[in-house]
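# Reading the structure
This is what each chain is made of:
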Amino acid sequence: MTSRTVRRVFMLGATGTIGQATVRALVARGHTVVCLVRPSAGAGGKMSAADSAHLLPGAELRFGDVTDPASLTRDGFRGERFDVLVSCLASRSGAPKDAWAIDHRAHVAALAAAQAAGVTQMVLLSAICVQKPLLAFQQAKLAFEAVLVDSGVTYSIVRATAFFKSLSGQLERVKRGKPFLLFGDGTLTACKPISDDDLGRYLADCIDVPERHDRILPIGGPGDAITSRQQGERLFALLGREARFKSVPVALLDTIIAVLGTLGRVVPALADKAELARIGRYYATESMLVLDPATGRYDAAATPSTGSDTLFDFYAKAIAGEASVERGDHAVF
Ligand SMILES: NC(=O)c1ccc[n+]([C@@H]2O[C@H](COP(=O)([O-])OP(=O)(O)OC[C@H]3O[C@@H](n4cnc5c(N)ncnc54)[C@H](OP(=O)(O)O)[C@@H]3O)[C@@H](O)[C@H]2O)c1
């Protein structure tokens, strides 16, 4: 680790799951953090300005519209100088139109405004799944990654593996005595889950770690890769119950995608639902690990790890009521 200089950081996506953790880490490292947020933030716009301020202690909040270049400059940067742009901004729905508007266009505008404000470095939260881009939101993320790489600013593109919230959606149903749902036999996919705070710290440290500059950085959490079946087995063990699984065929998702895709040609809202089903199918069949381009296989050993928080410790805390589970926007079950 190199010496740390206090920077003026302009932060996007601060009200999201990883955004909050990243602001905590940036503030803890002594940086000056200015966040551009929506007046009504959070899933469904349920968070007031005061709620956002409560969630982001130590950071300055400015209210504006990241999709509007004029607002970015007027309400966000305000003619001031900044050093670093950090973004955990992402479409909440993953629907194609929103993904292109947020993951791509808003980022392009924000980077231009940031460079005009003197920014010479950007840390971008991306996703490991863009290495096999089959979905609109992945294409939108990749398109901005390319803009960033060509921009001339020092970049760290952090392609994270699965978050705890995306792997905890079945906790409540299992607690209620229902079986754990699996695609196939539950070993089709694996991931190295990363906690919000471990990822937030990793993102914040990108500012000062030269080895993370001008790099695309796949990153997972500590320990071995975990399959869905192992997640279920651990949940039942922690609850002191015998494991019960129910297998869901992937072909069921294919049927849903085909039906919604056809109807979506007439009813646009159903086209978005078809895309959500495609997102579900993707996560049901693709691992969140580094893909070896030579073999086309996912490689747990080649997937770097950071941090110390484990998913299974998180499950134990959630069961004990010491941690709360936020449903992932793209959670399948
Ligand atoms: N879930 C996973 O397992 C996983 C794994 C790897 C990578 N990722 C990637 O990690 C990234 C962040 O994930 P997350 O779970 O932290 O996201 P999140 O909780 O959904 O937060 C998204 C952030 O973007 C902001 N945003 C979305 N639409 C906006 C708009 N129209 N205008 C202004 N702000 C907007 C949200 O603001 P509001 O609060 O105002 O809505 C929020 O601050 C995503 O790119 C995701 O693809 C996810």
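Being a predicted model, the structure only gives us computed values, none of them experimental. (Residues numbered from 1 in each chain as written. Predicted model: local features only at pLDDT ≥ 70, side-chain atom pairs only at ≥ 80, totals over all residues. Heavy atoms only, no water.)

In this section: the packing of aromatic side chains. Scanning the entire structure with this criterion turns up eight aromatic pairs. Both rings, one in Phe10 and one in Phe77, keep their centres 3.8 Å apart while their planes meet at 20°; by these two values the pair is stacked. Here Phe10 is found in strand 1 (residues 8-12), whereas its partner Phe77 is found in helix 3 (residues 69-77), with 67 residues between them in sequence. Like Phe10, the residue Phe77 is buried in the burial classification. Ring plane angle 80° and centroid distance 6.0 Å describe the contact between Phe180 and Phe245, whose orientation is recorded as edge-to-face. Placement of Phe180 in strand 7 (residues 180-183) and of Phe245 in strand 11 (residues 245-248) is noted, with a sequence separation of 65 residues between them. Members of the aromatic cluster, each reached through a chain of ring pairs, are Phe10, Phe77 and Phe82. (Phe/Tyr/Trp six-rings, centres within 6.5 Å; stacked < 30°, edge-to-face > 60°. Helix = DSSP H or I, 4+ residues; strand = E, 2+ residues; numbered from the N terminus. Buried < 20%, exposed > 50% of the residue type's maximum accessible area, 1.4 Å probe, protein only.)

Attention shifts here to the pairing of strand 7. Because side chains alternate across strand 7, one face comprises the buried residues Phe180 and Leu182, and the other comprises Leu181 and Phe183, equally buried. Two strands pair when backbone bridges link them, and strand 7 and strand 11 are joined in this way by four bridges, in the parallel orientation. Counted as the bridge partner of Phe183 is Val248 from strand 11. (Pairing = 2+ DSSP bridges.)

Looking now at the packing of helix 4 (residues 96-116) against helix 5 (residues 136-149). At a closest axis distance of 8 Å, the pairing of helix 4 and helix 5 adopts a crossing angle of 10°. Overall, the two elements helix 4 and helix 5 adopt an arrangement that is roughly parallel. Contact with helix 4, carried on its side by Pro96, Ala99, Trp100, Asp103, His104, His107, Val108 and Leu111, involves Ala136, Phe137, Gln139, Ala140, Lys141, Ala143, Phe144, Val147 and Leu148 of helix 5 and no other residues of that element. (Axes fitted to C-alpha atoms, helices over the stretch in contact; angles between N-to-C directions. Parallel < 35°, antiparallel > 145°, perpendicular 65-115°, else oblique. Contact = heavy atoms within 4.5 Å.)

What follows covers the layout of surface pockets. Of the pockets and cavities examined, the second largest pocket occupies roughly 450 Å³. Forming the walls of the second largest pocket are 17 residues, and the residues nearest its centre are Phe164, Asp196, Asp197, Phe314 and Ala323. Where the lining of the second largest pocket is concerned, the elements lending two or more residues are helix 1 (17-28), helix 7 (196-205) and helix 11 (311-319). Per-class residue counts for the lining of the second largest pocket are four nonpolar, five polar and eight charged. (1 Å grid on protein atoms, 1.4 Å probe; cavity = no way out; pocket = protein on both sides within 12 Å on 5 of 7 lines; lining within 4 Å. Points joined across faces, edges and corners; volume = space filled by probe spheres on them. Nonpolar A, V, L, I, M, F, W, Y, C, P; charged D, E, K, R; others polar.)

Met11, Cys35 and Leu199 are the most contacted members of the largest nonpolar core, which has 30 residues in total. Every residue in contact with Cys35, bar those within four places of it in the chain, is listed here: Met11, Ala14, Val23, Ala59, Glu60, Leu61 and Arg62. Leu135, Ala140, Val174 and Phe180 belong to the second largest nonpolar core, which has 27 residues in total. (Core = buried A, V, L, I, M, F, W, Y, C linked by side-chain atoms within 4.5 Å.)

Our next topic: the packing of helix 3 against helix 4. Each pair of packed helices can be summarised by the angle the axes make with each other and by the distance between the axes. Remark: helix 3 packs on helix 4, axes separated minimally by 9 Å, with the N-to-C direction vectors making an angle of 50°. When the axis of helix 3 is compared with that of helix 4, the two are oblique. Crossing angle aside, the handedness with which helix 3 passes helix 4 is right-handed. For the pair helix 3 and helix 4, the contacting residues are Pro69, Leu72, Thr73 and Phe77 in the first and Ala106, Ala109, Ala110, Ala113 and Ala114 in the second. By residue class, the composition of the contact of helix 3 with helix 4 is eight nonpolar, one polar and no charged. (Left-handed = near helix turned anticlockwise from the far one by under 90°.)

On to empty space enclosed by the protein. If you walk through the whole model with that rule in mind, you get one cavity of 30 Å³ or more. A volume near 50 Å³ is recorded for the largest cavity. In terms of lining, the largest cavity is formed by Leu89, Asp103, His107, Leu124, Leu125, Ser126, Lys141 and Phe144. Mapped by element, the contributors of at least two residues to the lining of the largest cavity are helix 4, strand 5 (121-127) and helix 5. With three residues, strand 5 is the single largest residue contributor to the lining of the largest cavity. A breakdown of the residues in the lining of the largest cavity according to their chemical character gives four nonpolar, two polar and two charged.

We now examine helix 3. Buried within helix 3 are the following residues: Ser71, Leu72, Asp75, Gly76 and Phe77. Seen from one end, helix 3 has its buried residues packed into an arc of 155°, which puts them on one side. Buried residues along helix 3 sit in contact with strand 1, strand 2 (32-37), strand 3 (60-63) and helix 4. Where helix 3 begins, the side chain of Asp68 points an oxygen toward the backbone nitrogen of Ala70, at a separation of 3.0 Å. A positive backbone phi angle near 50° is found at Arg78, which sits one or two residues after helix 3. (Arc of directions from axis to C-beta. Polar contact = N/O pair within 3.5 Å; in protein donor to acceptor, adjacent residues only side chain to side chain.)

On to the pattern of salt bridges. Scanning all chains against the criterion turns up 17 salt bridges. The closest approach of N and O atoms between Arg24 and Asp197, which form a salt bridge, is 3.0 Å. Here the residue Arg24 occupies a position in helix 1, and Asp197 occupies one in helix 7, the gap between them amounting to 173 residues. For Asp197, a relative accessible area of 28% gives the class partly exposed. (Salt bridge = Lys/Arg side-chain N within 4 Å of Asp/Glu carboxyl O.)

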